[in-house]
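Summary of structural features
These are the residues of each chain, in order.
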Amino acid sequence: MPPSTAELLSSLKSYSKCTDDLAFIVRATLLKPFETSTNTSRPTNLTRAQLKALTTRLAPFAMRVVNQNIESLRNLKNPGDLPQSQYNTVVNCLISTAKYALIALEHMNAFTTLKPLDLEKLMSNLISKIVDLKEYARALDELCALRKSLLMFTKARSKNATFKDQVSGNAGALEQNEPEPGTSHINRSPLCESPNRVNDASLKPISRSVVSETPGGSSLLFSQHEDVILEKYSGLFSFTFDKSINDQSTILLILSCQMNALRCWIEVLDGRLIWHLPALLANPGNFVDWCIHLRNIDEALAKKYFDTLYRQLSRASCKLPTGG
């Protein structure tokens, strides 16, 4: 008989039980109901009743896995507390199972009470802990997925806002063709769906994921040529600037994504990528651009982010070779 969700949570809380086998069991529990073959991004054709039942059973477990694992990673600060081989296994288990939980929540999102960007916030918190643990290669891959998800969200919201303006500007014409009660002219993002308003798209493969498809524990980054790394990750330092984005949560997620990219960039390849930073930080939609935008909403909070940028750039300057 497979272990219960309570038993799995208990095992995940104990470093001594965080193994590859445990990660496999958690994966099977959370993702197998949604899979076709071995592809987690292509769920089976579940009916709404089946998906709702799965959500009732698995969503609370998935949320607890993510939050508990983030806390466990926060407490796992010193690798010396565990033998190196066990430390690597524990870190991989905690990160991998948190990702499985996030993927499952993406599949179940239409029937949960999650708000827009809740999954992005969870992933951002997880990435911060991955960076704290110096898992820079893994963090950069996850940041790419998070950035892509944020771009899709802001683009969709911008289109919806434009459509609303058009509707408002043509109210007279639209009065002749009002939608029926319970319907809307505007296509809602899957992350905006409520449990009582589910469309067929919510049962199709997820198109906006906060989780990367890169296997955990990969160190390929460090064997790649500098130019390859630059091409793959330089986009993390810019995010299409849109002054109409006034939601503080969205802005903070963008800034967090860019700051974690900077933290990684300073450390990878022993700092050999630092000399690219002046050019990267000059691209439109950079960290400073978004901090200035945040200053219009919360000046005190923007100052904290500017201070964080200063400290990171000071660290970067200390790692540069001195002349002579």
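Nothing here was measured: the structure is a model prediction, and the numbers come from that model.

Cut-offs and rules
- Residues numbered from 1 in each chain as written.
- Predicted model: local features only at pLDDT ≥ 70, side-chain atom pairs only at ≥ 80, totals over all residues.
- Heavy atoms only, no water.
- pLDDT = per-residue confidence, 0-100.
- Helix = DSSP H or I, 4+ residues; strand = E, 2+ residues; numbered from the N terminus.
- Contact = heavy atoms within 4.5 Å.
- Axes fitted to C-alpha atoms, helices over the stretch in contact; angles between N-to-C directions.
- Parallel < 35°, antiparallel > 145°, perpendicular 65-115°, else oblique.
- Left-handed = near helix turned anticlockwise from the far one by under 90°.
- Nonpolar A, V, L, I, M, F, W, Y, C, P; charged D, E, K, R; others polar.
- 1 Å grid on protein atoms, 1.4 Å probe; cavity = no way out; pocket = protein on both sides within 12 Å on 5 of 7 lines; lining within 4 Å.
- Points joined across faces, edges and corners; volume = space filled by probe spheres on them.
- Core = buried A, V, L, I, M, F, W, Y, C linked by side-chain atoms within 4.5 Å.
- Buried < 20%, exposed > 50% of the residue type's maximum accessible area, 1.4 Å probe, protein only.

**A few points about the confidence of the model for the chain**
On average, residues of the chain carry a pLDDT of 81, and 75% of them reach 70 or more. Least confident of the elements in the chain is helix H7 (residues 171–174), whose mean pLDDT is 43; most confident is helix H11 (residues 287–295), at 97. Across residues 171–207 the pLDDT falls below 50, and counting only partners more than four positions away or on other chains, this stretch makes 52 contacts in the model.

**Details of the packing of H11 against helix H12 (residues 299–319)**
The contact between H11 and H12 brings their axes to 7 Å, and the two run at 160 degrees. Compared by their axis directions, H11 and H12 come out roughly antiparallel. Both H11 and H12 take part in a crossing whose hand is left-handed. Along the contact surface, H11 presents Phe287, Val288, Cys291, Ile292, Leu294 and Arg295, while H12 presents Glu299, Leu301, Ala302, Tyr305, Phe306 and Leu309. Classifying every residue of the contact of H11 with H12 by side-chain character gives 10 nonpolar, no polar and 2 charged.

**Here's the deal with empty space enclosed by the protein**
Evaluation of the coordinates by the stated rule reveals 2 cavities of 30 Å³ or more. Looking at the second largest cavity, its volume works out to about 40 Å³. The wall of the second largest cavity is formed by Phe237, Gln258, Leu262, Leu281, Phe287 and Leu309. Along the lines of polarity and charge, the residues of the lining of the second largest cavity split into 5 nonpolar, 1 polar and no charged.

**What to know about the nonpolar core**
Core analysis: the largest hydrophobic core is formed by 88 residues, its most contacted members being Leu30, Phe34, Leu102, Met108, Leu126, Trp265 and Leu277. Per-element accounting of this core gives the leading share, 14 residues, to helix H4 (residues 84–108).

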